[in-house]
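# An overview of the molecular structure
Chain residues, written in single-letter form:
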Amino acid sequence: MSSLRFTEQALSDWMRCGGSHSEIVISSRMRIARNLEHLPFPLLASAEQSEEVLEQLAPVFQGEASADFGNFQLLRLDELDELDKKVLVEKHLISPNLADDSKGGAVILNEDESVSIMINEEDHLRIQCLFPGLQVREAWVRATAIDDIFEAAVNYAFDDRRGYLTSCPTNVGTGLRASVMVHLPALVMTHQINRILSAVNQVGLTVRGIYGEGSEAVGNIFQISNQITLGQTESEIIENLHSVVTQIIEHERNARERLLVDSALRITDRIKRSYGILAYAAVMELKESAQRLSDLRLGVDLGILEGPSISVLNELNVKTQPGFLQKLFGDELSSTERDMYRAKLLRETLGSQH
Amino acid sequence: MLCQECGVKPATLHFTKIVNGEKTEFHICESCAREKGELIPGTAGGFSIHSLLSGLLDLESAGKGKSEAAQTVQGLHCENCGMTYSQFSKLGRFGCSSCYKYFDSTLDPLFRRVHGSTAHVGKLPKRAGAQIMCKRQIDELKQELQQSIMQEEFETAAELRDRIRKLEKEMPQE
């Protein structure tokens, strides 16, 4: 087992504090894509050119300029083992793309893991800031400040008319992808979710599952982000997302209250059954554990369950992922073994709190 | 219906692929689809944004058929990284920042489809953007100037004119 700090803990330090609306909003994330002038994008860059990108970008965030944002450590992807990479993906600290194709790939992380700077991903530079709860404005302030530090040190590929030039035409302009991870069990249970999601699509936002699982969001967790990056200012993008998410929170709140009024017994039964199954099952598939953990989260928020804390549930969401289970229980687990260890982990964490 | 690949699990994905006008129907289960990296809408490993973009770009040339314009577009290439337009339309990604310059004539329709817009209005890099920022400011002042003239506020207009002149003098050169 590697001694890498970033892959030992399931929960990044920033995840431990709630942030606003944390009963519904898990996290807010800003990502800014940037490229250096003259060098080909990572898609076409040679090994030497990727090294050159790394040499230009890496020192920027190990100097004094970055001290305001914590101490940073650079990890080269080619020096990490497969399991560590998988865990970094499960913690959302790197993208699956960076983990798979690491020609000159690196990530610069600060100690609480709220800032993750990817080098040689699809673009030369991807600055990512993660905040707990609904804090899109705060996350943008930090991301743009980090962007300014890089901009003062290197020449970005920028065009008067098209803005920041990116490898993919869907990121050109601001290079900004602002997203919010929300837990919407009541909207799913009351069958309102599809109507809301299609409305979200109509205002230039897009919805995905948390680990790119497609339309079927695991554990009722959805990621809502901006689709448009050209022709809108960053603040328009952020305010649009903030306002839409605020409305979704309102709908989810109302749906939760209605559930409590209309079907209190059924919902209480469902939540307590989920607790029972998580606390005693011997085999647990990922999909089921995600769904039942979602029930627990709802139960805690509705006051039907007294524990576990939201922080423990966030932790379990990450720890029950395949990479983390292997990290905890052994490198080469078959899928049946994973299901068994997942159940064991859940029993040990939740069973003791009766 | 059973999955046509493994023949064990029920097929949950049904889709039609059209390649060069040839239709093929697929009925497969999710795990086979994932393994084969087939096109599953909305999944990371399958139907990617790049394949969607490349569809849009192909549409662009398909619409024009084998006209002269289409041939000119297909002949485009980036002199910096060597990427050809047909590579770009297959990959749905640029090879370097100069591609934007060499493929410029084809980009407005693409950006309009993806973003509903063709021009950046957001953040500017402080150093390289100083000139652009200055230009934007001058444009804004010129509009204000027009308005104040129309409203016969000549004192304000004179003030604005002086500010514009000053900015034009101070504008950083490329």
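All values reported here derive from a predicted model rather than from experimental measurement. (Residues numbered from 1 in each chain as written. Chains lettered and ligands numbered in written order. Predicted model: local features only at pLDDT ≥ 70, side-chain atom pairs only at ≥ 80, totals over all residues. Heavy atoms only, no water.)

Before going further, it helps to spend a moment on the nonpolar core. Residue and element names in this part refer to chain A. Counting residues in each nonpolar core, the largest one holds 83 residues, and the members touching the most others are M30, F61, I117, I146 and F150. Per-element accounting of this core gives the leading share, 9 residues, to helix α8 (residues 234–262). A domain split of this core shows at least three residues from each of domain 1 (1–16 + 29–173) and domain 2 (263–351). If sequence neighbours within four positions are ignored, F61 has contacts with S66, F69, F72, I108, I117, I146, I149 and F150. (Core = buried A, V, L, I, M, F, W, Y, C linked by side-chain atoms within 4.5 Å. Buried < 20%, exposed > 50% of the residue type's maximum accessible area, 1.4 Å probe, protein only. Helix = DSSP H or I, 4+ residues; strand = E, 2+ residues; numbered from the N terminus. Domains from an automatic or database assignment. Contact = heavy atoms within 4.5 Å.)

Listed by partner, the interface residues are 40 residues for chain B and 45 residues for chain A. Overall, the association of chain B and chain A removes approximately 3400 Å² of surface from exposure, summing both partners, and the carbon and sulfur fraction of that is 55%. Linking chain B to chain A there are 8 salt bridges. Between D147 of chain A and K123 of chain B there is a salt bridge whose closest N-O contact spans 2.7 Å. Of all elements in the fold, only α2 (49–64), α4 (85–91), α6 (104–115) and α7 (130–150) of chain B reach the threshold of two or more residues within the side of chain B that touches chain A. In terms of residue class, the side of chain B that touches chain A is built from 20 nonpolar, 12 polar and 8 charged. (Buried area = accessible area lost by both parts, 1.4 Å probe. Salt bridge = Lys/Arg side-chain N within 4 Å of Asp/Glu carboxyl O. Nonpolar A, V, L, I, M, F, W, Y, C, P; charged D, E, K, R; others polar.)

Moving on: the side chain of D339 of chain A. Take D339 of chain A: it is sitting in helix α13 (residues 335–350). For D339 of chain A, the residues in contact, after removing those within four places along its chain, are A282, V283, M284, E285 and L286 of chain A.

Turning next to helix α3 (residues 82–90) of chain A. Count 3.6 residues to each turn of an α-helix, and residues three or four apart come out pointing the same way. All names here are of chain A. Summarising burial for α3: 7 of the 9 residues are buried, a large majority. Of the positions making up α3, those classed as buried are L83, D84, K85, V87, L88, V89 and E90. Downstream of α3 by a residue or two, H92 has a phi angle that is positive, lying close to 65 degrees.

Once that is clear, we can look at the domain arrangement of chain A. Residues and elements named next belong to chain A. According to the domain assignment, chain A consists of domain 1 (1–16 + 29–173) and domain 2 (263–351). A separation of 31 Å is found between the C-alpha centroids of domain 1 and domain 2. With 15 residues of domain 1 at the contact, the number on the domain 2 side is 13 residues. Summing the contributions of domain 1 and of domain 2, the shared interface buries around 1200 Å²; its carbon and sulfur component is 63%. Three residues, A10, L83 and E90, lead the burial of domain 1 against domain 2; their summed loss comes to 44% of the area buried on that side. Here domain 1 and domain 2 share 1 salt bridge between them. The closest approach of N and O atoms between D84 and K327, which form a salt bridge, is 2.5 Å.

What follows deals with the packing of α3 of chain A against helix α12 (residues 322–329) of chain A. Residue and element names in this part refer to chain A. At their nearest, the axes of α3 and α12 sit 8 Å apart, and the two run at 130 degrees to each other. For the element pair α3 / α12, the angle class is oblique. Pair α3 / α12 crosses with left-handed handedness. Counting all contacts with α3, which are made through L83, D84, K86, V87 and E90, the residues of α12 involved are P322, G323, F324, Q326 and K327. Looking at the contact of α3 with α12 residue by residue, the classes come out as 4 nonpolar, 2 polar and 4 charged. (Axes fitted to C-alpha atoms, helices over the stretch in contact; angles between N-to-C directions. Parallel < 35°, antiparallel > 145°, perpendicular 65-115°, else oblique. Left-handed = near helix turned anticlockwise from the far one by under 90°.)

Turning our eyes to something else, we now look at the packing of helix α10 (residues 286–302) of chain A against α13 of chain A. Residue and element names in this part refer to chain A. Running from amino to carboxyl end, α10 crosses α13 at an angle of 20 degrees, the nearest separation of the two axes being 10 Å. Comparing their axes, α13 and α10 come out roughly parallel. For the element pair α10 and α13, the recorded crossing hand is left-handed. Residues L286, S289, L293 and L296 of α10 lie in contact with α13, whose contacting residues are D339, R342, L346 and L350. Here the contact of α10 with α13 is composed, by residue class, of 5 nonpolar, 1 polar and 2 charged.

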